[in-house]
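For reference, the chains in residue letters:
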Amino acid sequence: MTADDELDDEALLRYSRQIVLREVGGTGQLRLRDAAVAVVGAGGLGSPAALYLAAAGVGRLTIVDDDRVSLDNLQRQVLHDTASVGEPKADSAARTLAALNPTIRVDTVERRLGPGNATGILAGHDVVIDGSDNFSTKFAVNDACVAQGICAVIGGVVRFDGQVVVVPPGAPCYRCLFGDVPPDGLVPGCRAAGVLGAVAGMVGTLQASETLRHLLGAGDAQVGRVLVLDALRPRLRSVPFARDPRCSACAAAPVRGVR
Ligand SMILES: [Zn+2]
């Protein structure tokens, strides 16, 4: 038995390459162990995000997905393999993550997250990663996180273009940036427009890295900034955006300081 404030020998070895980082150390590793992160969508973004969080030792992961694995998912959704076609994605994801790191806890929620259930599903998490494929879910994640003081890390990818919006408590939010759910068909999705799996992997990995940075308090906090990836040139930019004084999510949020 080890005390709650100690890492056992296996953990010290498993995480040794990140524990040597000044930004992590034993204290940071314990912080990751005690953290809870929800991943909404076990797809092209959620797959790499969840894999890296599990590998890094985030102690509790919740995978939220109501879909089943299909053959055309496998080009980018690396949590799943050919044998898992037809299986619920949440189950397939949990099995893969448990094989990677059996020392963490993985919970599954096989429901479609939307405005009606987001608050209940996401309560109790420190960070929520959105890797969903629709705006209704992204706005629901944003609004529930802003209301509850949870950091939201919302990603999007299509063709060779990606973006990540990090919304720590008290910061300008996804709704400040994009307003409201766009009408169906206005913004092309990956089904029609296409996406390279590796580019989705870059965006999901960026979401994992931003989540770990937030949990560790490492580097510059992303307040009112959107990371924009152009994978064809290639180029990554950090673009500032302001709070929208008419934003309904921010108006309803309790007043909090930005870390
Ligand atoms: Zn807002």
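Located above this text is the structure these notes cover.
Residues numbered from 1 in each chain as written. Predicted model: local features only at pLDDT ≥ 70, side-chain atom pairs only at ≥ 80, totals over all residues. Heavy atoms only, no water.

Caption draft 1: Representation of the side chain of Gln-207 within the structure. If you trace the backbone, Gln-207 turns up in helix H10 (residues 197-216). Here Gln-207 falls in the buried class, since its relative accessible area comes to 0%. If we ignore the near neighbours within four places in the chain, the residues touching Gln-207 are Leu-45, Ile-129, Asp-130, Val-153, Ile-154, Gly-155 and Val-164. (Helix = DSSP H or I, 4+ residues; strand = E, 2+ residues; numbered from the N terminus. Buried < 20%, exposed > 50% of the residue type's maximum accessible area, 1.4 Å probe, protein only. Contact = heavy atoms within 4.5 Å.)

Caption draft 2: Broad picture of the packing of aromatic side chains. In the structure shown here, the tally under the stated rule is two aromatic pairs. Following the ring pairs from residue to residue traces out a cluster consisting of Phe-139, Tyr-174 and Phe-178. (Phe/Tyr/Trp six-rings, centres within 6.5 Å; stacked < 30°, edge-to-face > 60°.)

Caption draft 3: Just the nonpolar core, in detail. The biggest cluster of nonpolar side chains holds 39 residues, and the ones touching the most others in it are Val-37, Leu-53, Val-58 and Leu-61. The element contributing the most residues to this core is H10, with eight residues. Leave out the neighbours within four places in its chain, and Leu-61 touches Val-37, Ala-50, Leu-53, Ala-54, Leu-97, Ile-104, Arg-105, Val-106 and Asp-107. Membership of the second largest hydrophobic core comes to 29 residues, among which are Val-109, Ala-152, Cys-176 and Ala-249. (Core = buried A, V, L, I, M, F, W, Y, C linked by side-chain atoms within 4.5 Å.)

Caption draft 4: Region of interest: the pairing of strand S3 (residues 105-109). Alignment of strand S2 (residues 60-64) against S3, held across five bridges, turns out to be parallel. Residue Thr-62 lies in a different strand from S3, and its bridge partner there is Asp-107. Assessed by its sense of winding, the connection that carries the chain from S2 through helix H5 (residues 89-100) to S3 is right-handed. (Pairing = 2+ DSSP bridges. Right-handed = clockwise from strand over helix to strand, strands pointing away.)

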